[in-house]
Amino acid sequence: MISPADRLAKAFEDEFHQKPLIVRSPGRVNIIGEHTDYNEGFVLPAAIDKAAYVAVSLREDDEIHLRALDLQESFSVSIRDLRPVGDVSWPNYMLGAAAQFIKRGVKLPGFNAVLTSDVPMGAGLSSSAAVECATVFALNELLKSNVDRLTMVQMAQKAEHEFAGVMCGIMDQFASMMGKKDHVIKLDCRSLAFEYVPFRLEGVKVLLLNTNVKHSLASSEYNTRRKECERAVEWVRAHVAGVNSLRDVTEDMLDRYVLPQDKTVDMRSRFVVQEITRLQSGCEDLRRNDLSALGKKMFATHDGLSTMYGVSCRELDWLVDRVRDNPSVIGARMMGGGFGGCTINLVKEEGLEDLIASIKPAYEREMKLPLTHYVASIENGTEVVRL
Ligand code: GLA
């Protein structure tokens, strides 16, 4: 089978008659630690074997020519008119990435770029972060601007804020850029200190079940949750010095200063405070290789996301409830921003096929939607695949 890089190189050369630089940047999973990144907590993501690939070459003029191979769509704009565009998503990720170089004072010439990706869109696997990271990385190489990886992560995150309008945390871009084969990343989203924790699961697979829904609420509710968390921080800060984020907040503080003011804000922020603690002990489980303890915490995370944080949906809840008592399933939960996308399931290998065979028709009957699945392996982050 022809590799994505070969396919991309051929399409690029046919269209632009040049040899491009090709960069691969993966999607991600997150084992535990959801909606904690923008609250300065911890996350535990990893890059996976599904990725976006961009082929890029610089131009002599100031035009940007973009093509999305899978969608068979093209988009062109002059550097002078670089701004978010309505009604389309993928050009914004690439344009937003390019704009970050200008903001840093780098002289950006025009460029040609062709994109392909096998990260399913809207599945909560960070397909947009993968495109942003790939584009930033490729332009950094071609422009020889010597930006370090961590700064590139932040540039990719800014691309999402400024051109896609989602005020995401740093997890997705960090995981895509910094992933390491067979390791998860324990990232402290406050200091950005991180460590790689080995993730070698003997006889256990990471199964992603894609609901194939992305409710339109996703990005507006995401931004609302962020504001709710900020409100809780303000209320606590009015009484307790040195509180800058929910990372600094305890449940006792919520009892005193948030619950009396607003039940919803209390529930949202309480979930985050609990999740930050849950992740830390989940990491200890992983180090002790106690997957069953980690799995229980994954279910607890799901329940919190669903009942307290309010970012699940019927399809996600159904998938998690359905595997709860399956002896082959060690842990399961919805993953990512919510309102659709995938559940992540840690499944004993011997029960994998039976699980898929039984859950797929049941889901499709119940939801009148297809259920797709991926068995993810943990791979390296952003890299050049062809010079
Ligand atoms: C989305 C965002 C991330 C993170 C997750 C929830 O994937 O892009 O920054 O907030 O949701 O954990």
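Coordinates for the structure precede this section.
Conventions and cut-offs
Residues numbered from 1 in each chain as written. Predicted model: local features only at pLDDT ≥ 70, side-chain atom pairs only at ≥ 80, totals over all residues. Heavy atoms only, no water. Helix = DSSP H or I, 4+ residues; strand = E, 2+ residues; numbered from the N terminus. Rg over C-alpha atoms; globule rule 2.2 N^0.38 Å. Buried < 20%, exposed > 50% of the residue type's maximum accessible area, 1.4 Å probe, protein only. Areas by Shrake-Rupley, 256 points an atom, 1.4 Å probe, with all protein chains shown as cover. Lys, Arg positive; Asp, Glu negative; His and termini not counted. Charge placed at Lys NZ, Arg CZ, Asp CG, Glu CD. Pairing = 2+ DSSP bridges. Axes fitted to C-alpha atoms, helices over the stretch in contact; angles between N-to-C directions. Contact = heavy atoms within 4.5 Å. Near = heavy atom within 4 Å. Polar contact = N/O pair within 3.5 Å; in protein donor to acceptor, adjacent residues only side chain to side chain. Nonpolar A, V, L, I, M, F, W, Y, C, P; charged D, E, K, R; others polar. Parallel < 35°, antiparallel > 145°, perpendicular 65-115°, else oblique. Left-handed = near helix turned anticlockwise from the far one by under 90°. Salt bridge = Lys/Arg side-chain N within 4 Å of Asp/Glu carboxyl O. Phe/Tyr/Trp six-rings, centres within 6.5 Å; stacked < 30°, edge-to-face > 60°.

Right, let's get into the overall build of the protein. Secondary structure assignment for the protein yields 11 helices and 13 strands. Relative to a compact globule of 387 residues, whose C-alpha radius of gyration would be 21 Å, the protein shows 21 Å and is just as compact. Looking at the protein as a whole, 59% of its 387 residues are labelled buried. Carbon and sulfur atoms form 48% of the exposed surface of the protein, whose accessible area is close to 15,900 Å². In the protein, 47 side chains carry a positive charge and 54 a negative one; their mean positions are 1 Å apart.

Our focus in this paragraph is unusual backbone geometry. Of note, Glu 40 is a non-glycine position whose phi angle comes to about 60°, a positive value. Checked against the element boundaries, Glu 40 lands in the loop between β1 (21–30) and β2 (42–43). A relative accessible area of 26% means that Glu 40 is categorised as partly exposed. Phi at Asn 146 is positive, roughly 50°, even though this residue is not glycine. As for its placement among the helices and strands, Asn 146 is situated in the loop between α3 (127–143) and α4 (149–164). Judged by its relative accessible area of 72%, Asn 146 falls in the exposed class.

Bringing the sheet that holds strand β11 (residues 340–348) into the picture now. If you walk across this open sheet you meet the 4 strands as β10-β11-β9-β12, and the pairing is antiparallel. The sheet is open, and its two borders are formed by β10 (329–334) and β12 (372–376), each paired with just one other strand. Looking at each pair of strands side by side, their axes are set apart by 20° on average, direction ignored. Here β10 runs beside β11; their pairing, made up of 5 bridges, is antiparallel. Opposite Val 329, over in β11, you have Val 347 as the bridge partner. Contacts between helix α9 (residues 291–307) and the sheet are confined to β9 (204–214), β10 and β11, with β10 contributing the most and set at about 25° to the helix.

Bringing the site of the ligand into the picture now. Looking at the ligand, the residues that line it are Arg 28, Glu 34, His 35, Asp 37, Tyr 38, Cys 168, Gly 169, Met 171, Asp 172, Tyr 222, Gly 336 and Gly 337. Note that an oxygen atom of the ligand is positioned 2.6 Å from one of the side-chain N or O atoms of Glu 34. Side-chain polar atom of Asp 172 to an oxygen atom of the ligand: 2.6 Å apart, as the coordinates give it. Notes on the ligand: free accessible area 310 Å², of which the protein chains cover 92%. Of the residues belonging to the shell around the ligand, the class tally is 4 nonpolar, 4 polar and 4 charged.

This part covers the packing of α3 against helix α5 (residues 171–178). Their axes nearest at 9 Å, the elements α3 and α5 cross at an angle of 55°. With respect to α5, the element α3 is oriented oblique. The element α3 and its partner α5 pack so that their crossing is right-handed. Residues Ala 129, Ala 130, Glu 132, Cys 133 and Phe 137 of α3 lie in contact with α5, whose contacting residues are Asp 172, Gln 173, Ser 176 and Met 177.

With that settled, consider the pattern of salt bridges. All chains considered together, the criterion is met by 33 salt bridges. Residue Arg 247 pairs with Asp 188 through a salt bridge whose shortest N-O separation is 2.9 Å. Within this pair, whereas Arg 247 is found in the loop between α6 (218–237) and α7 (251–257), its partner Asp 188 is found in strand β7 (residues 183–188), the two being separated by 59 residues in sequence. A relative accessible area of 12% means that Asp 188 is categorised as buried. Between Asp 266 and Arg 270 there is a salt bridge; the shortest N-O distance is 2.9 Å.

A separate point is helix α10 (residues 314–323). Those residues of α10 that sit buried are Glu 315, Leu 316, Trp 318, Leu 319, Val 320 and Val 323. Buried residues along α10 sit in contact with β9, α9, β10, β11 and α11 (349–367).

Glancing now at the packing of aromatic side chains. Inspection of the entire model under this criterion finds 6 aromatic pairs. Pairing Phe 12 with Phe 16 gives two aromatic rings, centres 4.9 Å apart and planes at 50°, and the pair type is tilted. Of this pair, Phe 12 and Phe 16 both sit in helix α1 (residues 4–16), 4 residues apart, which is roughly one turn of that helix. Judged by its relative accessible area of 0%, Phe 12 is buried. Ring geometry for Trp 318 against Tyr 363: centres 5.7 Å apart, planes inclined by 65°, an arrangement best described as edge-to-face. With Trp 318 in helix α10 and Tyr 363 in helix α11, this residue pair connects regions lying 45 residues apart in the sequence. Note on Trp 318: relative accessible area 17%, which makes it buried.

Turning our eyes to something else, we now look at the sheet that holds strand β8 (residues 194–198). Taken in spatial order, the 3 strands of this open sheet run β2-β7-β8, and their pairing is antiparallel. Looking at which strands have only one partner, the edges of the open sheet turn out to be β2 and β8. With 5 bridges connecting them, β7 and β8 associate as antiparallel partners. Paired with His 183 across the strands is Pro 198, a residue of β8.

Interpretation note: all reported values are geometric properties and have no functional meaning in isolation.
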